[in-house]
Amino acid sequence: MQSHAHAQAVIIGGGVGGCSIAYHLTLMGWKDVVVVERHELTSGSTFHSAGLVGQLRTSSSLTRMMRYSTDLYRRLKDETGVDPGWREVGSLRLASSAERMEELKRTVGYSKAFGMPLDLLTPRECYDLFPPMSLDGVQGGVYLKTDGYIDPTGLTNALAAGAKSRGAKFLTGTRVESITVRDNHVTEVVTDKGTIQTEVVMDAAGMWGGDVARMVGVNLPIIPMAHLYLITKPIAGQPLGLPTMRDPDLLVYYREEVGGLISGGYERRPAPWFLGGIPRDFNFKLLDPDWDRFTPLMESAIKRVPSLETAEIVQLLNGPEGFTPDAEFLLGPTAVRGFWVACAFCAHGLAGAGGIGKAMAEWIIDGHPEWDMWRLDVRRFGSQYGSRDYTLARTIETYAQYYDIHYPAEERQTARPLRLSPAYHRLKELGAAFGEKGGWERPNWFETNVRAIHELPVPQRYEPKGWARHNWSPAVGVEHLATRERAGLFDETSFSKIEVLGPGACAFLQRLCANDVDKPVGSVVYTQMLNPRGGIECDFTVTRVAADRFMIVTGTAFGAHDITWIRLNAPTDGSVYVNDITSSRTCFGLWGPRARDILQEITRDDVSNAAFPYMTARQITIGHIPALALRVTYVGELGWEFYAPAEYGRQLWNTLWEAGREFGMVAAGYKAIDSMRLEKGYRYWSADITPDYTPYEAGLGFAVALGKPVDFIGKQALKRMNASREGPSGRQKLCCMTLADPTEVCFGSEPIRSNGKVVGWVTSGGYGYSVGKSIAYGYLPIELAKPGTKLTVECFGVEIDAVVEKEPLFDPKGERIKR
């Protein structure tokens, strides 16, 4: 072991993920890479994967990641001399219901936006591609010719061969026993064969990933799920070269296997496996066949492919695979410096293995991957997933609904309620229709406001059509307009709140924030934190509470991500402390033209514009309650956010509610917030702004203090953009568009066209009740980013006329906010 006493990186796990990361780290120039595998390569869950490879995802970044994988698989044999078994036969996805056909039309739309050659087919065209199928109930399908399937063992061995040829070492039959952490940084990996000094540890241990992570005090939400598929002998008369096929309405998939078929699916009653810990000797092993659980899938499989009824079955394979609560990978850095994660590939790791390796290598070496990885980022899961039972309930729900149609704004149903605002029971009494985010119960709207729809003028009684009617209520429009005309009270307790304090807090935040946060106590600053290439990693407000103390407020879902980014960049000399204070503070937003009148009724503090200007914060007393008031807005109206210790929460809500009733104030939910923020052009991180885009491209240059005397992260990249021929916005800019048909609503990823050519896709959209228009945002080439430019947006296969607008659409001078 002395020859491996030190490594630049130690990768734990010799499956397809670990080997791909080793391949790409060495490709980028790291030679001293060690892969530690407790048994043999692929011996965990890789070896029994069904091998289907589909590239199209609902985001551009993830689609590009999958497309990179197939590009890599095509060339691996020539490069390494090892055949990965790539078979580019195409993929077919069927619609066996009218609702599924609508979904496929939408899929074809965003495939065009992402540059994928997806074709919408008639039932007969589907049959011509896959003759063994029955057309009973088939309404159509889609076909992607560049998809296929791959041999999991062949792919893993090819990636390992490439890594070995550039210097990587593979230690099989070596078990990791512990990982040493000093000052929150990994320093060594202890195995049963010796110790390896290293500053980078990659947890690529698949369904064992949680066991490895616990060695450094990190929790990973991974549940081993027993996945079933059958393998037949060759079937007489079956043609060769069949595409892979999925029929999600019947919950099943198929692929050719040496003249026979593999067929599996996602059953409604899935089976988690060995929740108490996976046996140490579970290598190259499978579970006993479970025909009782597979029978409903078998019946569906025969319904679509009748030849399976008489086919001779070789095996019903029952293999455990690591799944997460949202059926997406776990990738990225953790709160422990140098400890990285790439595991739990949820039965489609082979499709993304190449891209996973590339992304992780770039993340480790460059500090950021080429593609936005938020959908797969391990930091998307909050602390509630430390509960095995909570994680289990969510994972079973996701697995059972894997092939379902997932409508926009769909809500999870299991393990609720969990995190409750102090005002929760009062909101329930007022008729709140709750959604959930980050484990928090949050009002989407209030059903009691629906009856007020009849008080609105007929032109304002808006109703969307199609998918937009799912998870929607006319109460949203009532709450939106009432806030604009009078006032709305919003429970925002779920917002993530981060405290940064210490003698070095200001200097530290100045280095991380693009805007200047070295302002007087009581200042509120809107800013982004950037990566080295200038992409937006975080988006939030920073309030200076004291000379050495700041409060950051960010989105509910982004707290774990943002606090990890901050902590990983924090000094280790004790000059800065970073604390999550989310649960210790309640937060209510009061906004609207009458907000000041309402607040003045219940406080003796001067809340006039002169005494309490926009983007400032003060400690005030509301009734009997001490609260930190921030004069900010995410809806584009006069108002405040009130932060108080949690024990005052219920009384604070009641005090504000009683004071507002005589002014016509309504209780309002998050759907109204989203509608109002679209009208004002306020960006939403993970949709409108991501690590893929800079503040200049996103129209947020006003929040960049390029002249401050601090070399903040990303500053040099922004300076280069400023000096480039294209100018600070580069070649693209985030633009506001409105659709000619107000009943058509965009959800994201719809293709945007100019003169018939795809020029971008929608990042977010919705209906603006005050402006009476369907609004969409998207990045456009600079030459098209001009108000008045005529475009089209494809919604479910229909081209809708659109026009670029000058933003914001509502109150363009911001007069309502600052009065």
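Placed above this text is the structure.
Below you will find a few notes about this structure. Just so you know, the residues in each chain are numbered from 1, in the order the chain's sequence is written. Owing to the predicted nature of the model, reporting of local features is limited to residues with pLDDT of at least 70; listing and counting of side-chain atom pairs is limited to 80 or more, with chain, interface and lining totals taken over all residues. Hydrogens and water are ignored here; the side-chain numbers use all heavy atoms of the structure.

1. With respect to the environment of I231
Stated formally: By the criteria applied, helices consist of DSSP H or I runs no shorter than four residues and strands consist of E runs no shorter than two, each listed in order from the N terminus. We call a residue buried when its accessible area falls under 20% of the maximum for its residue type, exposed when it is over 50%, and partly exposed in between, using a 1.4 Å probe and counting protein chains only. What makes two residues a contact is simply this: any of their non-hydrogen atoms within 4.5 Å.
By the element assignment, I231 lies in strand 13 (residues 223-232). When its relative accessible area of 14% is taken as the criterion, I231 is described as buried. C-alpha of I231 to C-alpha of S263: the two residues are 32 residues apart in sequence and 6.8 Å apart in space. Those residues in contact with I231 that sit more than four places away from it in its chain are E257, L261, I262, I313, V314 and Q315.

2. Notes on the side chain of S300
Along the chain, S300 turns up in helix 7 (residues 291-304). Those residues in contact with S300 that lie beyond four places of it in its chain are L250, V252 and Y254.

3. Thoughts on the packing of helix 12 (residues 505-512) against helix 13 (residues 559-569)
When two helices pack together, their arrangement is given by the angle between the helix axes and by the axis-to-axis distance. The condition is simple: To define axes, lines are fitted to C-alpha atoms, for helices over the stretch in contact only, and angles between the resulting N-to-C directions are given on a 0 to 180 degree scale. Each angle receives one of four descriptions, namely roughly parallel if under 35 degrees, roughly antiparallel if over 145, roughly perpendicular if within 65 to 115, and oblique otherwise. Here a crossing is taken to be left-handed if its near helix is turned anticlockwise relative to the far helix by less than a right angle, and right-handed if that turn runs clockwise. Classification used: nonpolar for Ala, Val, Leu, Ile, Met, Phe, Trp, Tyr, Cys and Pro, charged for Asp, Glu, Lys and Arg, polar for all others including Gly.
Viewed as axis vectors pointing N to C, helix 12 and helix 13 meet at an angle of 110°, and their least axial separation amounts to 11 Å. With respect to helix 13, the axis of helix 12 lies roughly perpendicular. Here helix 12 runs over helix 13; the crossing is right-handed. Where helix 12 abuts helix 13, its residues F508, R511 and L512 lie against W565, I566 and N569. Here the contact of helix 12 with helix 13 is built from residues that sort into four nonpolar, one polar and one charged.

4. Re the packing of aromatic side chains
Just so we agree on the cut-off: What counts as a ring pair is set by centres within 6.5 Å for rings of Phe, Tyr and Trp (its six-membered ring), and what kind of pair is set by the plane angle: stacked under 30 degrees, edge-to-face over 60, tilted for all other angles. A ring has a charge above it when a Lys NZ or an Arg CZ is no more than 6 Å from the ring centre and no more than 35 degrees off the ring normal.
Inspection of every chain in the model, using the stated rule, returns 36 aromatic pairs. A cation over an aromatic ring shows up here: K164 above the ring of F170, its NZ or CZ 5.2 Å from the ring centre. Taking the ring centre of Y68 as reference, the NZ or CZ of K358 above it sits at 5.6 Å.

5. Observations concerning helix 5 (residues 152-165)
For clarity, the threshold we go by: Here the expected length of a helix is defined as 1.5 Å per residue gap, with one fewer gap than residues.
The terminal C-alpha atoms of helix 5 lie 20 Å apart, and with 14 residues this matches the ideal 20 Å at 1.5 Å per residue to within 8%. Among the residues of helix 5, those classed as buried are P152, G154, L155, T156, A158, L159, A160, G162 and A163. In this structure, the buried residues of helix 5 make contact with helix 1 (16-27), helix 2 (60-80), strand 8 (169-171) and helix 8 (349-366). Downstream of helix 5 by one or two residues, G167 has phi in the positive range, about 110°.

6. Some remarks on the pattern of salt bridges
Pairs can form between side chains of opposite charge whenever their charged atoms are close. For clarity, the cut-off: The salt bridge criterion pairs a side-chain nitrogen of Lys or Arg with a carboxyl oxygen of Asp or Glu, the two atoms within 4 Å.
What the rule picks out here adds up to 48 salt bridges. When the shortest N-O distance is used, the salt bridge between R293 and D290 registers 3.2 Å. In this structure, E637 and R816 form a salt bridge, with 3.0 Å as the shortest nitrogen-oxygen distance. On the criterion of sequence distance, the pair formed by E637 in the loop between strand 30 (625-630) and strand 31 (639-645) and R816 in helix 18 (residues 815-818) is long-range, its members being 179 residues apart.

7. Some words on the environment of G13
You can see G13 is positioned in the loop between strand 1 (9-12) and helix 1. Its relative accessible area of 9% is what places G13 among the buried residues. In this structure the C-alpha to C-alpha distance between G13 and G209, which are 196 residues apart in sequence, comes to 8.8 Å. Contact partners of G13, with chain neighbours within four places excluded, come to G18, V35, V36, E37, A204 and A205.

8. Things to note about the pairing of strand 34 (residues 751-754)
Quick note on the threshold: A pair of strands is treated as paired once DSSP finds two or more bridges between them.
Burial along strand 34 is two-sided: P751 and R753 facing one way and I752 and S754 facing the other are all buried. Of the strand pairs in this sheet, strand 34 and strand 35 (residues 757-768) are connected by four bridges, and their pairing is antiparallel. Across the sheet, residue P751 finds its bridge partner in strand 35, namely W761. Between strand 34 and strand 35, which follow one another and run antiparallel, lie two residues, and N755 among them has a positive phi close to 55°. Bridge count for strand 34 against strand 37 (residues 790-795) is two bridges, and the pairing is antiparallel. Within strand 37, the residue paired with I752 across the bridge is V793.

9. Looking at helix 12
The buried fraction of helix 12 is high, at six of eight residues. Those residues of helix 12 lying buried are A505, C506, F508, L509, Q510 and L512.

10. Observations regarding the environment of E537
Put simply, the test is: Counting of polar contacts relies on pairs of N or O atoms within 3.5 Å, with two restrictions inside protein: one atom must be capable of donating a hydrogen and the other of accepting it, and residues adjacent in sequence are counted only when both atoms are side-chain atoms.
In this fold, E537 is placed in strand 25 (residues 536-546). We classify E537 as buried; its relative accessible area is 7%. Remark: the alpha-carbon pair of E537 and Q401, spanning 136 residues in sequence, is separated by 31 Å. Aside from chain neighbours lying at most four places away, what touches E537 is M529, L530, N531, H561, D562, W565, W685 and P691. A distance of 3.2 Å separates polar atoms of two side chains, one belonging to E537 and the other to N531.

11. Re the sheet that holds strand 24 (residues 524-530)
Ordered in space as 24-25-26-23-27, the five strands form an open sheet in which the pairing is antiparallel. Only two strands of the sheet have a single neighbouring strand rather than two, namely strand 24 and strand 27 (577-580). Looking at each pair of strands side by side, their axes are set apart by 30° on average, direction ignored. One ladder, built from five bridges, connects strand 25 with strand 26 (residues 549-554); its direction is antiparallel. Considered in strand 26, the bridge of R544 is made with F550.

12. Regarding the state of the cysteines
Put simply, the test is: Cysteine sulfur atoms that come within 2.5 Å of each other are treated as a disulfide pair.
One pass over the full model with this rule turns up zero disulfides. No disulfide involves C513; its nearest neighbouring cysteine sulfur is the one of C538, lying 8.7 Å away. Unpaired in this structure, C795 has its nearest cysteine sulfur neighbour in C746, at a distance of 4.0 Å. Judged by relative accessible area, which is 2%, C795 ranks as buried.

13. Focus on unusual backbone geometry
Cis geometry is adopted by the peptide bond preceding P417, which originates at R416 and carries an omega value of -5°. Along the chain, P417 turns up in the loop between helix 9 (388-400) and helix 10 (424-429). Unlike most non-glycine residues, L251 shows phi in positive territory, near 70°. Note that L251 resides in the loop between strand 14 (244-247) and strand 15 (252-257). Phi is positive for F284, which is not a glycine, with a value near 50°. Within the fold, F284 resides in the loop between strand 16 (260-265) and helix 7.

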